[in-house]
Amino acid sequence: MTTHEATTATRSRTHTWQTRPEPASEIPGMTGREILQGALDGRFPAASIMSTLGFRLVGVGDGRAVFEGDPGDHLINPMGTVHGGFLATLLDSALGSAVMSRLQAGSAYTTVQLGVHMIRPVLAGTPTLRCEGTALHVGRTTATAQARVVGTHDGKLYAHGTTTCAVLRLS
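What comes next is a walk through the structure. On a predicted model such as this, the values are computed, not experimentally measured, just so you know.

Cut-off values and rules
- Residues numbered from 1 in each chain as written.
- Predicted model: local features only at pLDDT ≥ 70, side-chain atom pairs only at ≥ 80, totals over all residues.
- Heavy atoms only, no water.
- Core = buried A, V, L, I, M, F, W, Y, C linked by side-chain atoms within 4.5 Å.
- Buried < 20%, exposed > 50% of the residue type's maximum accessible area, 1.4 Å probe, protein only.
- Helix = DSSP H or I, 4+ residues; strand = E, 2+ residues; numbered from the N terminus.
- Disulfide = S-S within 2.5 Å.
- Phe/Tyr/Trp six-rings, centres within 6.5 Å; stacked < 30°, edge-to-face > 60°.
- Polar contact = N/O pair within 3.5 Å; in protein donor to acceptor, adjacent residues only side chain to side chain.
- Contact = heavy atoms within 4.5 Å.
- Pairing = 2+ DSSP bridges.
- Axes fitted to C-alpha atoms, helices over the stretch in contact; angles between N-to-C directions.
- Expected span 1.5 Å × (residues − 1).
- Arc of directions from axis to C-beta.

The next point concerns the nonpolar core. Grouped together as the largest cluster of nonpolar side chains are 36 residues, with contacts concentrated most on Phe67, Phe86, Leu87, Leu91, Leu129, Cys131 and Val149. When residues of this core are traced back to their parent elements, those giving at least two are helix H2 (32-40), helix H3 (48-53), strand E1 (55-61), strand E2 (64-69), helix H4 (84-100), strand E4 (129-138), strand E5 (142-151) and strand E6 (157-169). Ranked by residue count, the leading element in this core is H4, at nine residues.

With that out of the way, let us pick up the state of the cysteines. Per the counting criterion, the structure on display carries zero disulfides. In this structure Cys131 is not part of a disulfide, and its nearest cysteine sulfur, from Cys165, lies 13 Å away. On the basis of relative accessible area, Cys131 is assigned to the buried category, the value being 0%. Judged by relative accessible area, Cys165 falls into the buried class, the value being 0%.

Next up on the list: the packing of aromatic side chains. Per the stated rule, a full pass over the model turns up one aromatic pair. Note on Phe55 and Phe67: the rings are 5.9 Å apart at their centroids and 65 degrees apart in plane angle, and the pair reads as edge-to-face. Of this pair, Phe55 sits in strand E1 while Phe67 is found in strand E2, placing the two residues twelve residues apart along the sequence. Per residue, the accessibility class of Phe55 equals that of Phe67, and both read buried.

Turning next to the side chain of Ser101. Inspection of the secondary structure assignment puts Ser101 in the loop between H4 and strand E3 (107-118). In this structure the side chain of Ser101 is engaged in a polar contact, spanning 2.9 Å, whose partner is the backbone nitrogen of Gly63. Polar contacts involving the side chain of Ser101 include one to the main-chain amide nitrogen of Arg64, which spans 3.4 Å. Residues in contact with Ser101, not counting those within four places in the same chain, are Gly32, Arg33, Leu36, Val60, Gly61, Asp62, Gly63 and Arg64.

Here the focus is the sheet that holds E4. Within the open sheet, the six strands sit side by side as E1-E2-E4-E5-E6-E3. Their pairing is antiparallel. Edge strands, defined here as strands with exactly one partner in the open sheet, are E1 and E3. The sheet shows a mean angle of 20 degrees between the axes of neighbouring strands, direction not considered.

Right, let's talk about H4 for a bit. Residues lying three or four places apart along an α-helix face the same way, a consequence of the helix completing one turn every 3.6 residues. The end-to-end C-alpha distance of H4, which contains 17 residues, comes to 24 Å, matching closely the 24 Å that a straight helix rising 1.5 Å per residue would cover. The buried fraction of H4 amounts to 13 of the 17 residues, a majority that puts the element mostly inside the structure.

Next up on the list: the side chain of Thr163. Tracing the backbone through its elements, the reader meets Thr163 in strand E6. Under the relative-accessibility criterion, Thr163 is labelled buried at 2%. Apart from residues lying up to four places away in sequence, Thr163 is in contact with Leu95, Thr111, Gln113, Ala143, Thr144 and Ala145.

Right, let's get into H2. For H2, the full list of buried residues reads Gly32, Ile35, Leu36 and Gly38. The arc enclosing the buried residues of H2, seen along the axis, measures out at 155 degrees, which places them on a common side. Contact partners of the buried residues in H2: E1 and H4. Just beyond H2, the residue with positive phi is Gly42, at close to 90 degrees.

If you trace the backbone, Ile76 turns up in the loop between E2 and H4. Residue Ile76 is classed as partly exposed on the basis of its relative accessible area, which comes to 32%. Residues Ile76 and Phe86, spaced ten residues apart in sequence, show a C-alpha to C-alpha distance of 9.7 Å. With residues up to four places along the chain from it excluded, the contact list for Ile76 reads Thr81, Val82 and Ala124.

Okay, here's the thing in structure tokens:
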């Protein structure tokens, strides 16, 4: 038995999610904030990426969205730290949802630019991280937002980011 084999253990992680049904008849007539509030209240299923990576929507306001995420060893990269994609996805979710919270009924958005700045490493044992996104501008065709990821346990900044989104009119 090699030293590597003696110190590693096989682990498994199971997650569940609800498949996204066809949009309920009321969704096209709802504002982005109403849709997000419905997801927060459990009226609509959460996006499956959240259970895959271990984060959740915890707050919604006008131009504001808050997510919390739990790092773990299932997210480790070859260097032994949590993969930056976890932070990038957490940021992208808060940024996009902050923009979405300001959209009128019949509108949607898509990210066209995402800027991420990693400030300190996230380890498998890092406690819950909180990411708050704030919409800066939501116009007819474009929107911008900024967000910060901070430790709920230490208040330290772990990452921050910005986005530019295209605003789409669906109706």
